[in-house]
2 protein chains.
Amino acid sequence: MPQEFDYIRWVRTQLSESPEVLIGPGDDCALVSGSNSGWLFTTDTITEGVDFLLNSATPEAIGRKAMAVNLSDIAAMGGIPKFALVSVVTRLELGTEFLQRLFAGLHSVAKEFQVSIVGGDTNSWNQGLVVSVVLIGHESKQGAIRRRGAKVGDRIFVTGPCGGSLLGRHLEPKPRIDLAIRLQELARIHAMIDISDGLAADLQHILEESQVGAELIAEKIPIHEDAFVRAAQTGRTPLDHALNDGEDFELLFSVSQNDSDRLLEQPLEGITLCMIGQIIPEGYFIRDEQGEQHPVTPRGWQHQL
Amino acid sequence: MPQEFDYIRWVRTQLSESPEVLIGPGDDCALVSGSNSGWLFTTDTITEGVDFLLNSATPEAIGRKAMAVNLSDIAAMGGIPKFALVSVVTRLELGTEFLQRLFAGLHSVAKEFQVSIVGGDTNSWNQGLVVSVVLIGHESKQGAIRRRGAKVGDRIFVTGPCGGSLLGRHLEPKPRIDLAIRLQELARIHAMIDISDGLAADLQHILEESQVGAELIAEKIPIHEDAFVRAAQTGRTPLDHALNDGEDFELLFSVSQNDSDRLLEQPLEGITLCMIGQIIPEGYFIRDEQGEQHPVTPRGWQHQL
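Right, let's walk through the structure included here. Everything numeric in this text was worked out from a predicted model, so none of it was measured.

A short note on the relation of the copies chain B and chain A
Of the transformation superimposing chain B on chain A, the axial component is 0.0 Å and the angular component is 180 degrees, with the fit at an RMSD of 0.0 Å. Each copy turns onto its partner about a two-fold axis.

Examining the interface of chain B and chain A
Between chain B and chain A, the contact holds 57 residues from the first and 57 residues from the second. Interface of chain B and chain A: buried area, both sides summed, is about 5,000 Å²; carbon and sulfur atoms make up 65% of it. Across the salt bridge formed by B:Lys82 and A:Glu20, the nearest N and O atoms sit 3.0 Å from each other. For the side of chain B that touches chain A, the secondary structure elements donating two or more residues are helix H1 (4-14), strand S1 (21-23), strand S2 (30-32), strand S3 (39-47), strand S4 (80-91), helix H3 (95-112), strand S5 (116-125) and strand S6 (130-138) of chain B. When the residues that make up the side of chain B that touches chain A are grouped by side-chain class, the tally is 27 nonpolar, 24 polar and six charged.

A closer look at the pattern of salt bridges
Counted under the stated rule, the structure contains 39 salt bridges over all chains. A salt bridge links A:Glu250 to A:Arg176, with the nearest nitrogen and oxygen atoms 3.0 Å apart. Of this pair, A:Glu250 sits in the loop between helix H7 (238-244) and strand S10 (251-255) while A:Arg176 sits in the loop between strand S7 (155-158) and helix H4 (177-186), and the two are 74 residues apart along the sequence. Its salt-bridge partner being B:Arg91, residue B:Glu93 comes within 3.4 Å of it at the nearest N-O pair. Taking relative accessible area as the criterion, B:Glu93 reaches 66% and is therefore assigned exposed. On the basis of relative accessible area, B:Arg91 is assigned to the buried category, the value being 12%. One salt-bridge network, held together by shared partners, links A:Asp27, A:Asp28, A:Arg146 and A:Arg147.

Things to note about the packing of aromatic side chains
Inspection of every chain in the model, using the stated rule, returns 12 aromatic pairs over all chains. Measuring from ring centre to ring centre gives 6.2 Å for A:Tyr7 and A:Trp10, while their planes differ by 25 degrees; the resulting arrangement is stacked. With A:Tyr7 and A:Trp10 both in helix H1 (residues 4-14), this residue pair falls three residues apart, about one helical turn. Classification of A:Tyr7 as buried rests on a relative accessible area of 4%. Exposure remark for A:Trp10: the relative accessible area of 22% places this residue in the partly exposed category. Judged by centre distance (5.6 Å) and plane angle (80 degrees), the rings of A:Trp10 and B:Phe103 are edge-to-face. With A:Trp10 in helix H1 and B:Phe103 in helix H3, the pair connects residues from two separate chains. Cluster of aromatic residues (ring-pair linked, three or more members): A:Trp39, A:Phe41, A:Phe83, B:Trp39, B:Phe41 and B:Phe83.

What about the sheet that holds S3(B)?
Residues and elements named next belong to chain B. Pairing within the open sheet is mixed, and its six strands lie in the order S1-S2-S3-S6-S4-S5. With one partner strand each, in any of the chains shown, S1 and S5 form the two edges of the open sheet. Taken pair by pair, the neighbouring strands of this sheet meet at an average axis angle of 20 degrees, ignoring direction. Pairing analysis gives three bridges linking S2 to S3, with the strands arranged antiparallel.

Structural notes on empty space enclosed by the protein
This model, assessed by the stated rule, comprises four cavities of 30 Å³ or more. What the largest cavity holds in volume is close to 60 Å³. If you go around the largest cavity, the residues you meet are A:Thr45, A:Ser87, A:Val88, A:Val89, A:Val130, A:Ser132, B:Thr45, B:Ser87, B:Val88, B:Val89, B:Val130 and B:Ser132. Contributing elements (two or more residues each) for the lining of the largest cavity: strand S4 (80-91) and strand S6 (130-138) of chain A together with S4 and S6 of chain B. Residues that form the lining of the largest cavity fall into these classes: six nonpolar, six polar and no charged.

Observations concerning the packing of H1(A) against H3(B)
One way to put it is that H1(A) packs onto H3(B) with a least axis distance of 11 Å and a crossing angle of 30 degrees. As the angle between them shows, H1(A) and H3(B) are arranged roughly parallel. Where H1(A) crosses over H3(B), the handedness of that crossing is right-handed. Counted together, A:Tyr7, A:Trp10, A:Val11 and A:Gln14 of H1(A) and B:Leu99, B:Gln100, B:Phe103 and B:His107 of H3(B) form the full contact between these two elements. Looking at the contact of H1(A) with H3(B), its residues break down into five nonpolar, three polar and no charged.

Re the sheet that holds strand S13 (residues 293-295) of chain B
Residue and element names in this part refer to chain B. Judged by pairing direction, the sheet is mixed, and its seven strands sit side by side in the order S8-S10-S7-S11-S9-S12-S13 without closing on themselves. One side of each edge strand has no neighbouring strand; the edge strands of this open sheet are strand S8 (191-194) and S13. Ignoring strand direction, the axes of neighbouring strands in this sheet form an average angle of 25 degrees. Contacts between helix H5 (residues 199-210) and the sheet are confined to strand S7 (155-158), S8, strand S9 (213-217), strand S10 (251-255), strand S11 (274-280) and strand S12 (284-287), with S8 contributing the most and set at about 145 degrees to the helix.

Thresholds applied
Residues numbered from 1 in each chain as written. Chains lettered and ligands numbered in written order. Predicted model: local features only at pLDDT ≥ 70, side-chain atom pairs only at ≥ 80, totals over all residues. Heavy atoms only, no water. Least-squares fit on C-alpha atoms with pLDDT ≥ 70 in both. Contact = heavy atoms within 4.5 Å. Buried area = accessible area lost by both parts, 1.4 Å probe. Salt bridge = Lys/Arg side-chain N within 4 Å of Asp/Glu carboxyl O. Helix = DSSP H or I, 4+ residues; strand = E, 2+ residues; numbered from the N terminus. Nonpolar A, V, L, I, M, F, W, Y, C, P; charged D, E, K, R; others polar. Buried < 20%, exposed > 50% of the residue type's maximum accessible area, 1.4 Å probe, protein only. Phe/Tyr/Trp six-rings, centres within 6.5 Å; stacked < 30°, edge-to-face > 60°. Pairing = 2+ DSSP bridges. Axes fitted to C-alpha atoms, helices over the stretch in contact; angles between N-to-C directions. 1 Å grid on protein atoms, 1.4 Å probe; cavity = no way out; pocket = protein on both sides within 12 Å on 5 of 7 lines; lining within 4 Å. Points joined across faces, edges and corners; volume = space filled by probe spheres on them. Parallel < 35°, antiparallel > 145°, perpendicular 65-115°, else oblique. Left-handed = near helix turned anticlockwise from the far one by under 90°.

So this is what it looks like as structure tokens:
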């Protein structure tokens, strides 16, 4: 929603600080103090007609997506997921078997990541299906990774190719939980976010929170093959799709130049880490193959099917 | 929803036990182990046309209700609320001012109970308004109070008059957080629940979980004055409304006979504790003024306006 970010900014002005609340609204997860490590809380809701269509997604796939997008928010903080709550607003006509298949999808992804579903709420009405998941996790030993924290000179990385998720990948996100843990062992990550709104828009969230700018290198942006298929359909460029399509659920992060060099030297099995640009004092640009700089204006992702 | 309880029963059969999960789905809150005291998690969703109507409830009232019903679930476990997450699915046409007023309602109740709103999610679509709150709290020093735990011979109490909440009280629940803490200092509470589905239906939840029965005493059931007004409209008896209307958000609990005597001798300021019956080995009855026993068949509350 266009007004969503303004509303969240306003909410943040309304809340008073509590010493136990280490991170409040505005990051991928909240963080509250715990005795050993802090607790991460996050919630994400998916709705019929916006995030999925009942005639093209199975109930299991809807359940898997609802769980996975929340796991992706825990991954974006470098955390370890533990518990989930699941809330469903259903139509009676969908029936009990539909709910059971939805739950089977939620549960399969939860089990894959050793997450216990501990509760939830089930309601019915005569309107669209709403599935809301809450995830509760621990921060890692290195501490939660915020959106703020990117420093001038940092190199910007993305964990895989982007664009064209609408062709089907948007329903099957692969939460980067294990990769985020592994990356923290290899480098000190200054800022991180998962790509839900789109690479360009999500990087902008990091820039705003960190009060810095960025220069992307067009030829370094990893473009998913689906972005080429979409580009042939839409007439936009594959790069445009890679920058502005959402729901890739790859991680986008920044590290120092030294850590960048180390990451690039040490390949990770099954992962193509791409260094796509660097943090600069201000502005938001992309440099094309001819060396020309263009301003980046994220269109964001409307999450509208 | 009629199928809701069957679905939840089925969900409980699907979940494997984790040693950290002390209470899973099926109680007012989940409980997971913490280093000092356990953490309580609960979530409750309210929807337009079912739990509220936009033409009769202000945005602030909707927000207050969404927060309060969740606080009531923490009260039902005797816990102390700490943090909240708030998820809203809105229609764009409702606008930002509507969202801000909704948030003001949520926030006012949160502040009253020293709860920090730490995060949430905001989505939009073209269908009904959905407001979902998650509450995170600590169990009390005495430990979380479950639905199971009622013992034969226990006396059954309710913390205030019931029935007719639809006349307006259903929008302004008063979470019994402080009272639940006070009661634990005065008595050992064996089982507790808050009245959302209706006194008769919620007592049945306690009976099922505790594997016991109950006999209620008709003349002891405290009937709210709103139940008389409703009875005049519906042709049902005020007692029927007191037993079967939902959303009173009073607490319903059982204690030993000794504790019952102590509670009845020691009046609590501003609270009318009512002893309404006792736990028996099996069956579910109500005794009328003539001493005749009738079976109780909870109709439950359809939460349908």
